[in-house]
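Overview (structure and organization)
In case you want the letters, here they are:
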Amino acid sequence: MGKSVGAVGLVGYFGYGSLVNRDTHRTEILDAQPARLKGWRRQWVRRDAGSSRALLSVRRDSCSTIDGLLVIDRAENLAAVDLREERYRRVRLDAAELELSADLPSDCPLYVYEASAALGNVRLEIIQSYLDAVLQGFLREHGRAGVERFVRDTDGFDAAVIADRKTPTYPRAVTLEAEEEAFFDALLMQKIPDFASFVR
């Protein structure tokens, strides 16, 4: 992956999963704004060839636009973000691929993280504490409609769910309000036919 940074020492990266939830950030970001990325589609993929665990990724798709969060960070923090996203490769974006509500800093390189999809026909397993962090981020940044778009427009939701909400295994787990839990679970029951059997 490229390591070039802008002259002003800032970088931008588009989050479309857990990075949308600001509570999961571990660097002192300078700014962030809800944004949309054109020409990409979100999907659940296998974490690696030896596992059925799922993680979120994106792939290029000229017909798709996805919601997310554009984070503006110090260039010196990029190595730490790369480490967090160690299962991904950092891909350079063009500013024209983003729909924004505010101007970008000048000379600010933009990136998105893309995972390599491991091949296999085992049913994917989504960790619930990871999914909770993602959905809470979308609720805060894009509202209930944004959460509904996330569930509707993300490929690979024909997955099992590992119910670890009470004892989270995701390292950047968040705490949900009761109404958030109810909203997320009701939505997922519509998307994943056997969702209720996984989370009892």
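1. A word on the confidence of the model for the protein chain
Mean pLDDT over the protein chain works out to 91, with 93% of the residues at or above the 70 mark. Here residues 1–7 is modelled with pLDDT under 50, and outside its nearest four sequence neighbours on either side it reaches 16 contacts, counting other chains as well.

2. Here we look at the pairing of strand β2 (residues 31–46)
Looking down a regular strand, the side chains alternate between one sheet face and the other. Here β2 lies mainly inside the structure; twelve of its 16 residues are buried. With 15 bridges joining them, β2 and strand β3 (residues 54–74) adopt antiparallel strand pairing. Residue pairing in the sheet places Arg46 in a bridge with Ala54 of β3. Relative to strand β5 (residues 98–99), β2 runs antiparallel, the two being bridged by two bridges.

3. Digging into the packing of aromatic side chains
One pass over the full model with this rule turns up six aromatic pairs. Their ring planes at 75° and their centres at 5.7 Å tell us that Trp44 and Phe157 sit as a pair that is edge-to-face. A residue pair is termed long-range when its members are at least 10 positions apart, and Trp44 in strand β2 and Phe157 in the loop between α2 (128–153) and β8 (160–162) qualify at 113 residues. For the residue pair Trp44 and Phe157, the accessibility class agrees, reading buried in each case. Look at Phe150 and Phe157: their rings are 6.1 Å apart centre to centre, the planes differ by 80°, and that puts the pair in the edge-to-face class. With a relative accessible area of 0%, Phe150 lands in the buried category. A residue is classified by how much of its surface remains accessible, and Phe157, at 3% relative accessible area, is buried. In textbook terms, an aromatic cluster arises when at least three aromatic residues are bridged by ring pairs, as seen for Trp44, Tyr130, Phe138, Phe150, Phe157 and Tyr170. For Arg90, the ring lying beneath its charged end belongs to Tyr111, and the centroid distance is 4.5 Å. Its end group placed over the ring of Phe183, Arg144 keeps NZ or CZ at 3.8 Å from the ring centre.

4. Quick look at unusual backbone geometry
A positive phi is found at Asp107, a non-glycine position, where the angle reads about 55°. Within the secondary structure, Asp107 is located in the loop between β5 and β6 (110–115). Residue class for Asp107 comes out exposed when judged on its relative accessible area of 54%.

5. Side note on the pattern of salt bridges
In the structure shown here, the tally under the stated rule is 16 salt bridges. Close ionic contact of Arg36 with Asp67 constitutes a salt bridge, the shortest N to O distance being 2.8 Å. Within this pair, whereas Arg36 is found in strand β2, its partner Asp67 is found in strand β3, the two being separated by 31 residues in sequence. Taking relative accessible area as the criterion, Asp67 reaches 4% and is therefore assigned buried. A salt bridge links Glu181 to Arg165; the nearest nitrogen and oxygen atoms lie 3.7 Å apart. Highlighted residues: Glu181 in helix α3 (residues 178–191) and Arg165 in the loop between β8 and α3, separated in sequence by 16 residues. By relative accessible area, Glu181 is classed as partly exposed at 30%. Each member of the salt-bridge network shares a partner with another, and the members are Arg36, Asp67, Glu99 and Arg149.

6. Concerning α2
Compared with the 38 Å implied by 1.5 Å per residue over 26 residues, the 18 Å span of α2 between its first and last C-alpha is markedly short. Of all the bends in α2, the largest measures some 135° and sits at His142.

7. A closer look at α3
Between the first and last C-alpha of α3 there are 20 Å, a value that for 14 residues agrees with the 20 Å anticipated at 1.5 Å per step. When we look at burial in α3, the residues that qualify are Glu180, Phe183, Phe184, Asp185, Leu187 and Leu188.

Reading the values: rules and limits
Residues numbered from 1 in each chain as written. Predicted model: local features only at pLDDT ≥ 70, side-chain atom pairs only at ≥ 80, totals over all residues. Heavy atoms only, no water. pLDDT = per-residue confidence, 0-100. Contact = heavy atoms within 4.5 Å. Buried < 20%, exposed > 50% of the residue type's maximum accessible area, 1.4 Å probe, protein only. Helix = DSSP H or I, 4+ residues; strand = E, 2+ residues; numbered from the N terminus. Pairing = 2+ DSSP bridges. Phe/Tyr/Trp six-rings, centres within 6.5 Å; stacked < 30°, edge-to-face > 60°. Lys NZ or Arg CZ within 6 Å of the ring centre and 35° of its normal. Salt bridge = Lys/Arg side-chain N within 4 Å of Asp/Glu carboxyl O. Expected span 1.5 Å × (residues − 1). Bend = angle between axes of the 7 residues up to and from the residue.

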